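Analysis of the macromolecular model
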Amino acid sequence: MSIEFTIHVLMKTSTHGASFEAVASAAFGRCGKTLTSIMLLVTLFFATAGYAISLRDVIKPVADHIQGYETPGGSRSTVSNLILAGILLLVTPLTTLQSYTALKHASFLSMVAILILSLCVVYRTVECNLSASVPPLSQYVRFVPADFNAMMNALPVLISAYICHFNVLPVYAELQNPTECRARYLSRSTVVVASIFYMSIGLFGSLHGNCTGGTVNGNILLDFDDEDKLLMVGRVCLGITITLSFPLLVIPARDILSRWISAVTCSRGGWRVGASYKDDDTLEESLLQSEQSVFESDELGISSVENVNAINGNNRLTNATNSTKHHVYNGENDNCTTRIIVAVTFFWSSGFVAFLVENVDVIW
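Described in the following lines is the structure provided in the data block.

This part is about the overall build of the protein chain. In terms of helices and strands, the protein chain carries 13 helices and zero strands. Walking the protein chain from its N terminus toward its C terminus, one meets helices and strands in the order α-α-α-α-α-α-α-α-α-α-α-α-α. Taking the intrachain contacts of the protein chain between residues at least 6 apart in sequence as the baseline, contacts between residues at least 24 apart amount to 80%. For the protein chain, the exposed surface amounts to about 19,600 Å²; the carbon and sulfur share of it is 66%.

Given two aromatic rings, their pairing is described by the distance between the two centres and the angle made by the two planes. Counted according to the given criterion, the structure contains four aromatic pairs. Note on F45 and F46: the rings are 5.3 Å apart at their centroids and 85 degrees apart in plane angle, and the pair reads as edge-to-face. F46 gets classed as partly exposed once you look at its relative accessible area, which sits at 38%. Taken together through their ring pairs, the aromatic side chains of F45, F46 and F346 make up a single cluster.

A cluster of nonpolar residues, F148, M151, M152, L155, L158, I159 and I163, forms a patch on the protein surface that exposes about 630 Å² of accessible area. Take M151: it is sitting in helix α6 (residues 148-160).

Further remarks concern the environment of L207. Mapped onto the elements, L207 comes out in helix α8 (residues 180-207). Residue classification places L207 among the buried residues on the basis of a relative accessible area of 17%. Once the C-alpha coordinates of L207 and C128 are considered, the two residues, 79 residues apart in sequence, prove to be 9.6 Å apart. Contact partners of L207, with chain neighbours within four places excluded, come to T125, N129, L137, Y140 and V141.

Attention now moves to the nonpolar core. Of all hydrophobic cores here, the largest spans 42 residues; its most connected members are L84, L117, L221 and F246. Only α2 (20-58), α4 (78-95), α5 (104-129), α8, α9 (229-268), α12 (336-356) and α13 (360-363) provide two or more residues apiece to this core. Non-local contacts of L221, meaning those with residues more than four positions away in its chain, are made with L117, V121, L231, R235 and L238. Counting 10 residues, the second-largest nonpolar core is a separate cluster that includes L10, Y162, Y172 and A183.

Okay, the state of the cysteines next. Enumeration according to the criterion identifies one disulfide in this entry. For C128, the disulfide goes to C211, at an S-S distance of 1.8 Å. Residue C128 is found in helix α5, and its partner C211 is found in the loop between α8 and α9; the two are separated by 83 residues along the sequence. Residue class for C128 comes out buried when judged on its relative accessible area of 17%. Among the residues examined, C211 registers a relative accessible area of 24% and is labelled partly exposed. C120 carries a free sulfur, and the closest cysteine sulfur to it, the one in C237, is 6.2 Å from it. With a relative accessible area of 5%, C120 lands in the buried category. The buried category is assigned to C237, whose relative accessible area is 8%.

A word on the pattern of salt bridges. Under the criterion given, the structure shown has five salt bridges. Two residues, E21 and R259, come together in a salt bridge whose shortest N-O distance is 2.6 Å. Of this pair, E21 sits in helix α2 while R259 sits in helix α9, and the two are 238 residues apart along the sequence. A single burial state applies to E21 and to R259, both of which are buried. We note a salt bridge from D228 to R124, for which the minimum N-O separation is 2.6 Å. Highlighted residues: D228 in the loop between α8 and α9 and R124 in helix α5, separated in sequence by 104 residues.

We now examine the packing of helix α3 (residues 60-67) against α4. It is at 9 Å that the axes of α3 and α4 come closest, and there the two elements cross at 125 degrees. By the criterion of interaxial angle, the relationship of α3 to α4 is oblique. Between α3 and α4 lies a crossing of right-handed hand. Contact with α3, carried on its side by V62, A63, I66 and Q67, involves V79, S80 and I83 of α4 and no other residues of that element.

This part covers empty space enclosed by the protein. By the definition in use, this model includes two cavities of 30 Å³ or more. As a volume, the second largest cavity reaches approximately 30 Å³. Around the second largest cavity, the lining residues are L103, A106, S107, S110, L244 and L248. For the lining of the second largest cavity, the elements supplying multiple residues, two or more each, are α5 and α9. Counting residues per element, the lining of the second largest cavity draws most heavily on α5, which supplies three residues. Here the residues of the lining of the second largest cavity are counted per class, giving four nonpolar, two polar and no charged.

Let's shift gears to α3. Those residues of α3 that sit buried are K60, P61, A63, D64 and Q67. The buried residues of α3 all sit within an arc of 160 degrees when viewed along its axis, so they share a single face. In α3, the exposed positions that point more than 90 degrees away from the buried face belong to H65 and I66. Of the residues trailing α3, G68 is marked for its positive phi of about 85 degrees.

Here is what the cut-offs are and how they apply
Residues numbered from 1 in each chain as written. Predicted model: local features only at pLDDT ≥ 70, side-chain atom pairs only at ≥ 80, totals over all residues. Heavy atoms only, no water. Helix = DSSP H or I, 4+ residues; strand = E, 2+ residues; numbered from the N terminus. Contact = heavy atoms within 4.5 Å. Areas by Shrake-Rupley, 256 points an atom, 1.4 Å probe, with all protein chains shown as cover. Phe/Tyr/Trp six-rings, centres within 6.5 Å; stacked < 30°, edge-to-face > 60°. Buried < 20%, exposed > 50% of the residue type's maximum accessible area, 1.4 Å probe, protein only. Patch = residues over 30% accessible without salt bridge, like charges linked within 9 Å, V, L, I, M, F, W, Y side chains within 5 Å. Salt bridge = Lys/Arg side-chain N within 4 Å of Asp/Glu carboxyl O. Core = buried A, V, L, I, M, F, W, Y, C linked by side-chain atoms within 4.5 Å. Disulfide = S-S within 2.5 Å. Axes fitted to C-alpha atoms, helices over the stretch in contact; angles between N-to-C directions. Parallel < 35°, antiparallel > 145°, perpendicular 65-115°, else oblique. Left-handed = near helix turned anticlockwise from the far one by under 90°. 1 Å grid on protein atoms, 1.4 Å probe; cavity = no way out; pocket = protein on both sides within 12 Å on 5 of 7 lines; lining within 4 Å. Points joined across faces, edges and corners; volume = space filled by probe spheres on them. Nonpolar A, V, L, I, M, F, W, Y, C, P; charged D, E, K, R; others polar. Arc of directions from axis to C-beta.

So this is what it looks like as structure tokens:
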């Protein structure tokens, strides 16, 4: 609930097309904007590296099969890194796309893949625990953590699973009809669906530990038999989901860096660029509040039709103005080369870190 509330507040208090750091600038000034941008870049960099390591864990059985032996102590090996590099190379073009709308089909495929993975894990766990050779769940289930340190190590993973605020405003800006009702429905349904997926895989993945002697691997898919064809489908689905998640981590970081480059370039040319779309670092009134003015005008006896037409005209003018400012300040539309170079550099720098790190716990 807190995640959904913060997402809605972020959309309600920002302008149509505003960036995350522009909101920070309006709230905390230029220093707050700079600090927010740096924290976002660091978070997104290591999150991308962590996703790459998780993807390497998924492809570990394939790498072990190719090299003819099981990699001891983790998934990092020359073969697994080469396979990971090939996957990163294939997904790199998606990180250079200009908008999130271009990723809608990839996002839908990712949701379908994670749904199939959830069903695979649930089915195998139920099947295993119904077997007569497995101890009853009452002897296995604990309601308090057995290892407090392990729980604290897992906490960053849980928190990071819901960190999506840096993508909220760009997605909201690309909505065809960004009303308060639609924005609230979008944020609420997204959080609910994600929570269902997380709880299903987490719960049934943990219960599968009853079939493996009470131990649960950090990557629960490693607890299943490598020869299990059903879970092989699940691994492929997880790999698809992780792979298609890279653009959602790289694009916001790329946009921040592109705006920095654009600001430096313009300032060197004698053109001062503000911290947001306006030089005074303030945000205009949120478009989500425009619907309320319609009802207020009715109470004052003003024609709703006339008010709606006026609002629509003002919104079109505001959107056109913001679109023009976004075109200038973002540095994406007017410099495709910069966008591509920044995206590729950021993406492969985090990938290089993943090549060197043994397991994802180091990143988290």
